[in-house]
Amino acid sequence: MKTINKMKINIEYVDSFLAKHGYLVKCLNGCSDCCYDYFYASLPEFFMSLQALSEMPYNLDYFYNKSLKTEAYFKKYLNNELDRLSFKAPFLLANQVVDFSEGEYINYPKLPACIFLTNGRCSIYKYRPNTCRKYGTTVTCEYIQNNDYQEDDFTNYHLYPLYENTRMLDQANVKPTAYPLWYYYSQFLKPEFRSYVFSKLNDLVID
Ligand code: SF4
Ligand code: SF4
């Protein structure tokens, strides 16, 4: 089956399973509190976000330019963390910062919002990556207040398709790629790489 289609089917399966078992699978209308941090996403999730955009009337440069702004912020204020990204460090330095007193931003003051946040809404919400998806369906979101399924084997078993999505492009003995979404866009969507990236996406849509 086509990779991107399979990923969409997996997401729809998990959303419908969770909804059937009493979990809220959508964020509160108008809430984007989580979207001022940056999260790691897998390579297949990057391609799925690109496919989601290509199905909408969006100008790709709009998102590419936002990713460049985020990159500029990192270069100016968080250069060390940029180095860590290029080495695929397993932990976000951001997650080690415990003083959130600077303001509404989760980890760093004035950290640009996720590149997909447009007018307070996620531009790829239906196909957002697992990190965003699972945050809203665990007890960690104070607004949604779902039951914590982390100790619930039955529910965890049925979340497996989400894990499968992150591994769709894994090759044996190759460490899975994972970067923040803005990083994929700033690096892979440079004009000189675009035709290559879209040919790869095309392969995943028609494979
Ligand atoms: S992908 Fe969407 S839900 Fe996730 S952080 Fe970005 S805007 Fe928010
Ligand atoms: S997971 Fe919760 S806090 Fe985060 S955007 Fe959704 S409703 Fe808001």
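Below, the structure is looked at part by part. (Residues numbered from 1 in each chain as written. Chains lettered and ligands numbered in written order. Predicted model: local features only at pLDDT ≥ 70, side-chain atom pairs only at ≥ 80, totals over all residues. Heavy atoms only, no water.)

## Examining the overall build of the protein
Of regular secondary structure, the protein possesses 9 helices and 4 strands. Secondary structure elements of the protein, listed N to C terminal, follow the sequence α-β-α-α-α-β-β-α-α-α-β-α-α. For the protein, the residues scored as buried account for 41% of the 207 residues in total. Long-range contacts, defined here as pairs at least 24 residues apart, represent 80% of the contacts in the protein between residues at least 6 apart. (Helix = DSSP H or I, 4+ residues; strand = E, 2+ residues; numbered from the N terminus. Buried < 20%, exposed > 50% of the residue type's maximum accessible area, 1.4 Å probe, protein only. Contact = heavy atoms within 4.5 Å.)

## What to know about the site of ligand 1
Around ligand 1, the neighbouring residues are Cys35, Phe39, Cys114, Phe116, Leu117, Cys122, Arg128, Pro129 and Cys132. Considered class by class, the residues forming the shell around ligand 1 number 8 nonpolar, no polar and 1 charged. (Near = heavy atom within 4 Å. Nonpolar A, V, L, I, M, F, W, Y, C, P; charged D, E, K, R; others polar.)

## Side note on the layout of surface pockets
Take a probe with the size of a water molecule and roll it over the atoms, and the empty space left behind shows itself. Approximately 160 Å³ is the volume found for the second largest pocket. Of all the secondary structure elements, the ones that give two or more residues to the lining of the second largest pocket are helix H2 (43-54) and helix H9 (194-206). Looking at which element gives the most residues to the lining of the second largest pocket, the answer is H9, with 3 residues. Among the residues making up the lining of the second largest pocket, the classes are represented as 6 nonpolar, no polar and 1 charged. (1 Å grid on protein atoms, 1.4 Å probe; cavity = no way out; pocket = protein on both sides within 12 Å on 5 of 7 lines; lining within 4 Å. Points joined across faces, edges and corners; volume = space filled by probe spheres on them.)

## Details of H2
Look at H2: 17 Å from first C-alpha to last across 12 residues, which is about the 16 Å you get at 1.5 Å a residue. Burial within H2 is extensive, with 10 of its 12 residues counted as buried. The complete set of buried residues in H2 reads Pro44, Glu45, Phe46, Phe47, Met48, Ser49, Leu50, Gln51, Ala52 and Leu53. (Expected span 1.5 Å × (residues − 1).)

## Re unusual backbone geometry
For Asn119, which is not glycine, the phi torsion reads 50° and is therefore positive. Mapping Asn119 onto the fold places it in the loop between strand S2 (117-118) and strand S3 (121-122). Backbone geometry at Gln145 places phi at a positive 55°, although glycine is not the residue there. Within the secondary structure, Gln145 sits in the loop between helix H5 (130-135) and helix H6 (153-158).

## Regarding the packing of H2 against H9
One can describe the packing of H2 onto H9 by two numbers: an axis separation of 10 Å at closest approach and a directional angle of 90°. Classified by the angle between their axes, H2 and H9 sit roughly perpendicular to one another. Contacts between H2 and H9 involve Phe46, Phe47, Leu50 and Gln51 on the former and, on the latter, Val197, Phe198, Lys200, Leu201, Leu204 and Val205. Of the residues belonging to the contact of H2 with H9, the class tally is 8 nonpolar, 1 polar and 1 charged. (Axes fitted to C-alpha atoms, helices over the stretch in contact; angles between N-to-C directions. Parallel < 35°, antiparallel > 145°, perpendicular 65-115°, else oblique.)

## Details of the environment of Tyr183
Along the chain, the position of Tyr183 falls in helix H8 (residues 181-188). When its relative accessible area of 12% is taken as the criterion, Tyr183 is described as buried. Counting along the chain gives 119 residues from Tyr183 to Tyr64, while the straight-line C-alpha distance between them is 9.8 Å.

## A look at the site of ligand 2
With respect to spatial proximity, 10 residues lie near ligand 2, and among them Cys27, Leu28, Cys31, Cys34 and Cys141 are the closest. When its residues are assigned to classes, the shell around ligand 2 shows 7 nonpolar, 2 polar and 1 charged.

None of this, on its own, says anything about what the molecule does.
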